[in-house]
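Read off the chains here:
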Amino acid sequence: MPTLVWFRRDFRLADHTALIAAAGAGEIIPVFVLDDAILGAPDTGAPIVAYMLACLTELRDSIRSAGGELIFLRGQPVDQLPKLAEATAADALYYNKDYAPGAVERDVAVELAFAQTGRIAKGFKDQVIFEEQEILTHAGAPHKTFTPYKNAWWKLLRQCFGDTGPTPAPMPPLRFAVSPQNLPRQIDGLVRVELPAPADLGFEPKLQWEIPPGESAARAMLDAFLAGPISTYPATRNLPAIADGTSRLSPHLRHGTLSVRQCLAGALAVARDRPDAGAGALAWINELVWREFFQQVAFNFPEAMDRPFRREYRHLEYRDDPAALAAWIAGKTGFPIIDAAMRQLAATGWMHNRLRMIVAMFLTKDSRLDHRLGQDHFARSLIDHEIAQNNGNWQWCAGVGTDAQPYFRIFNPARQSAACDPAGAFIRRYCPELSNVPDRFIHAPGEMTPDQQTASRCAIGADYPAPIVDHAAARLETLTMFKNARTRPPVAQPPSAERPSVTRPPSAERL
């Protein structure tokens, strides 16, 4: 009997764990569910939906070229997938696991629904090298800080795979059970649809993608990065004006058009074969480890997805300032590096990693606004939004998360700007009103005299906004805010602080 393969955030055919397992078992029925609960969530934005649909378009076409058909259903997976299994006589459902709290709960519900009909639903490890509780402290607990986790990750990698790491698995021949001709369009209770456009789902993105979607683009970008830019990665990773200073593969890892094993294997090969690029390869791999660290935080500490990880900071006295939030979102704070970064996000659905840190630090520690406001805006605006990464990075920048030295790290926006965009090339790209501002003022145009503003055709307060905060004063206020929180009695630990045990049906085997 055939096996359903449920695509979720793994829109590729190469090195796809669940698909390979299903191919080895027999015929395959690939399916994607347009989940109304996700599409209707307030933090689901047009950019990520549009990017996802573009990736799905290539996946659908690739499956068609191989002789099959990607079935699109709409509704709740727990309802639709068992009905599809019944209609197609499939005896199992294979999928690659996700570690966000809501995804875990959804998948358990699907497994139970399949078990009730005598079928198997099986989840596979795919989007990480090490998952859930494979890496624990010496005391047997999940890690709460990155560096010990990273050291344990590298140790376990060498124990399991040696210095070469995991090798992407070859794809067996694909045999598909259904084509467009042999699946009835109308099955009782089964909502089968065609691949929609974003507008069909109520989304109207206005973006100019700088990172092309789809599996073929992902592979080309990885190959290009490994062939050259990875060697200079430590020197260029914090320079947003350099287009290939980073891999820019985060959207492809988010949507699974590329596997983490492909990335790791390629980087380890570079480290082994090209001594000049070894430092860059290892530095880039550590960014992959950061990604896995936040995945295990999301799985083991699900409550941290909704509130600060550090309980002593759950009653910080943030400001309520809608005007400051609006200025930050619009890229009109009067701090050029902040404004350029936020305008890049609005225009492309993506932001350079260093700039994500700078704008998050500004919102939480200069404007003193709750990190969840920025986190939610990123969720609605990014093509690569992923709950564990977004939450973990925002909490780290806000000083309320897994950082071992949290609250007193406060970036100076002008100094960060001078360090990451010294000539102002990135700033001028997204803030054209600053095009004629001299280099010595590009990071703080408010310091120009009236005559200098006239000469540069940039009047502060008219052509470009004056700074909305005084950084030195804001820094002191932020330190006081954290000091006040630290003197309060600690917030009691709720029973659900760590991942509870999950009871799965006996037939729902786990790998």
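Counting of residues starts from 1 at the beginning of each chain's written sequence and follows it residue by residue. Totals for whole chains, interfaces and linings use every residue, but because this is a predicted model, local features are given only for residues with pLDDT of at least 70 and side-chain atom pairs only at 80 or more, for both listing and counting. In computing side-chain properties, one takes all heavy atoms of the structure into account and sets aside hydrogens as well as water.

Comments concerning helix α11 (residues 278-300)
Secondary structure elements are taken from DSSP: a helix is a run of H or I of four residues or more, a strand is a run of E of two residues or more, and numbering for both begins at the N terminus. Every helix has an expected span of 1.5 Å times one less than the residues it contains. Counted at 1.5 Å a residue, the expected span for α11 with its 23 residues is 33 Å, and the 33 Å between its end C-alpha atoms agrees. Among the 23 residues in α11, 18 count as buried, and that is most of the element. For every residue, the accessible area (1.4 Å probe, protein chains only) is compared with the maximum for its type, and the residue is labelled buried under 20%, exposed over 50%, or partly exposed between those bounds.

Looking at the confidence of the model for the chain
Confidence scores per residue from the predictor, reported as pLDDT, run from 0 to 100. Within the chain, residue pLDDT values average 93, and 93% of them lie at 70 or more. Here residues 494-511 scores under 50 on pLDDT; set against residues more than four positions off or in separate chains, the count is 47 contacts. Contacts are residue-level and defined by heavy atoms, with any inter-residue pair within 4.5 Å sufficient.

Things to note about helix α17 (residues 413-420)
Two residues of an α-helix separated by three or four positions point the same way, owing to the 3.6 residues in each turn. Within α17 the residues assigned to the buried category are P413, Q416, S417 and C420. The arc that holds the buried residues of α17, viewed along the axis, is 100°, so those residues lie on one side. Exposed residues on α17 whose side chains face more than 90 degrees from its buried face are R415 and A419. Considering only its buried residues, α17 is in contact with α13 (336-348), α14 (353-366), α18 (425-430) and α20 (471-486). For α17, the N-terminal cap is N412; the gap from its side-chain oxygen to the backbone nitrogen of A414 is 3.0 Å. Throughout, the arc means that of the directions going from the helix axis to the C-beta atoms. As used in this structure description, the phrase polar contact means that two N or O atoms lie within 3.5 Å; if the pair is within protein, one of them must be able to donate a hydrogen and the other to accept it, and residues adjacent in sequence are counted only when both atoms belong to side chains.

A short note on the sheet that holds strand β3 (residues 71-74)
Here the rule is simple: two strands pair whenever DSSP picks up at least two bridges between them. The mixed open sheet is built from six strands, whose spatial order is β5-β4-β1-β2-β3-β6. Looking at the sheet topology across the chains shown, the edges are occupied by β5 (120-124) and β6 (192-193). When strand β2 (residues 28-34) meets β3, the two strands line up parallel, connected through four bridges. Its bridge partner lying in β3, V33 is registered against L73.

Examining the pairing of β2
Among the seven residues that make up β2, seven are buried, leaving the element largely enclosed by the rest of the structure. With five bridges connecting them, strand β1 (residues 3-7) and β2 associate as parallel partners. In the sheet register, L4 faces β2, and the bridge partner there is I29. The crossover handedness rule: strands pointing away from the viewer, path from first strand over the helix to second strand clockwise, crossover right-handed. Note that the unit made of β1, helix α1 (residues 17-25) and β2 has a crossover that is right-handed.

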